[in-house]
Amino acid sequence: MTAKRETRGPETPAYGHTWLTVPAETPVLVNATRAVLKTPLFSPRARQSNPYWALDYSLSDMGRFRAVRASAAWQPHPAGQALLYPPRTPYWEDMRRVRPPIRNAWILFRGGAGLGLDRLVPVAAGFARFDDPDGCLGRLIEEAAEAGQREGDGGYWKALGCLCVALELLRRSVPIAAGSYLVSVPAAPAAPALATAAAAYLQAHMGERLSLAALAAHLRVSVSTLSHRYRAEA
């Protein structure tokens, strides 16, 4: 099937995209959880491992962690940082030095390799670190957990949407060191001033018979608002 160009009106061309190539493995959400720990966790033998990809987010200071080997050096897991573990990666956590309550959120999923996430994780380290200064990843994981809490199985698609946005943030993150990345959220483009939008519309329809009412309808304002704002801006 090929894409086709259509119009929804004389002034509104259709736009979009036809995806001819899709990932062989798409993401599947398994679990989303937000937890508050009142007692710091630590056991030298408390080895953790998941059969799925795990995105472990520190909503507050999580103390220290180490991955792959019990002999690996401890590393800090401060607030606002996500750790991405591939499936079956062993890791340990030490929260003894952290004052509770300790707030944590995580999401488990399948399909990370199909998205190229494995290329973000150094094999020797066994994890990738994502600094999230704006808290975007944390909010997405919390929203997914809330959807599951409120709606159970019925909240799956809403939670999956949160996961997909989170994975896109991971893929577009900025490398700052080997296995370390900065989550960068692109700024939303500023809305054009009404006078600028009006001028662009008039330029595109210069050869047509136009009315003030049609221009106001296109800009989604009243004729009165259009007149006053255009005068103020122009």
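Participant: Help me understand the overall build of the protein, please; the structure alone is not making it clear to me.
Facilitator: Within the protein one finds five helices and twelve strands. Within the protein, the proportion of its 234 residues that are buried is 38%. For the protein, the accessible surface area stands at approximately 14500 Å², while carbon and sulfur atoms represent 55% of it.

Participant: I would appreciate a short explanation of the sheet that holds strand β8 (residues 91-94) in the present structure.
Facilitator: In sheet architecture, strand pairing relies on hydrogen bonds along the backbone and comes in two forms, parallel and antiparallel. An order of β6-β5-β8 is seen for the three strands of this open sheet, with the pairing classed as antiparallel. Across the chains shown, the open sheet's two edge strands, defined by having one partner strand only, are β6 (75-76) and β8. Taken together, the four bridges between strand β5 (residues 64-67) and β8 define a ladder with antiparallel strand orientation. Bridge pairing in β8 places R66 opposite W92.

Participant: What is the right way to read the pattern of salt bridges from this model?
Facilitator: Side-chain pairs of opposite charge can arise where the charged atoms are in close proximity. Going through the model one piece at a time under the given rule, you end up with seven salt bridges. Here K158 and E151 are joined by a salt bridge, their closest N and O atoms 3.0 Å apart. With relative accessibility at 45%, the residue K158 sits in the partly exposed group. R172 is paired through a salt bridge with E168; the nearest N and O atoms lie 2.3 Å apart.

Participant: Would you mind going over the nonpolar core with me for this structure?
Facilitator: Core analysis: the largest hydrophobic core is formed by 32 residues, its most contacted members being L84, F109, L117, F130 and L137. When contributions to this core are tallied by element, the ones reaching two or more residues are β4 (53-58), β7 (81-85), β9 (102-110), β10 (128-131), α1 (136-151) and α2 (156-171). The element best represented in this core is α2, accounting for eight residues. Not counting residues within four places of it along the chain, the set of residues in contact with L117 comprises W53, L84, F109, G112, L167, L170 and R171.

Participant: Quick question: what am I supposed to make of the sheet that holds β4 here?
Facilitator: Judged by pairing direction, the sheet is mixed, and its seven strands sit side by side in the order β3-β9-β4-β7-β10-β12-β11 without closing on themselves. Looking along the sheet, the strands with just one partner apiece sit at the ends: β3 (28-37) and β11 (174-177). Ignoring which end each strand starts from, the neighbouring axes of this sheet average 25° apart. In this structure, β3 lies alongside β9, joined through nine bridges in antiparallel fashion. Counterpart to L37 in the pairing with β9 is I102. Relative to the sheet, α1 contacts β3, β4, β7, β9 and β10, its axis offset from that of β3 by approximately 100°. Packing against the sheet, α2 makes contact with β3, β4, β7, β9 and β10, and its axis sits at approximately 85° to β3.

The rules behind these values
- Residues numbered from 1 in each chain as written.
- Predicted model: local features only at pLDDT ≥ 70, side-chain atom pairs only at ≥ 80, totals over all residues.
- Heavy atoms only, no water.
- Helix = DSSP H or I, 4+ residues; strand = E, 2+ residues; numbered from the N terminus.
- Buried < 20%, exposed > 50% of the residue type's maximum accessible area, 1.4 Å probe, protein only.
- Areas by Shrake-Rupley, 256 points an atom, 1.4 Å probe, with all protein chains shown as cover.
- Pairing = 2+ DSSP bridges.
- Salt bridge = Lys/Arg side-chain N within 4 Å of Asp/Glu carboxyl O.
- Core = buried A, V, L, I, M, F, W, Y, C linked by side-chain atoms within 4.5 Å.
- Contact = heavy atoms within 4.5 Å.
- Axes fitted to C-alpha atoms, helices over the stretch in contact; angles between N-to-C directions.

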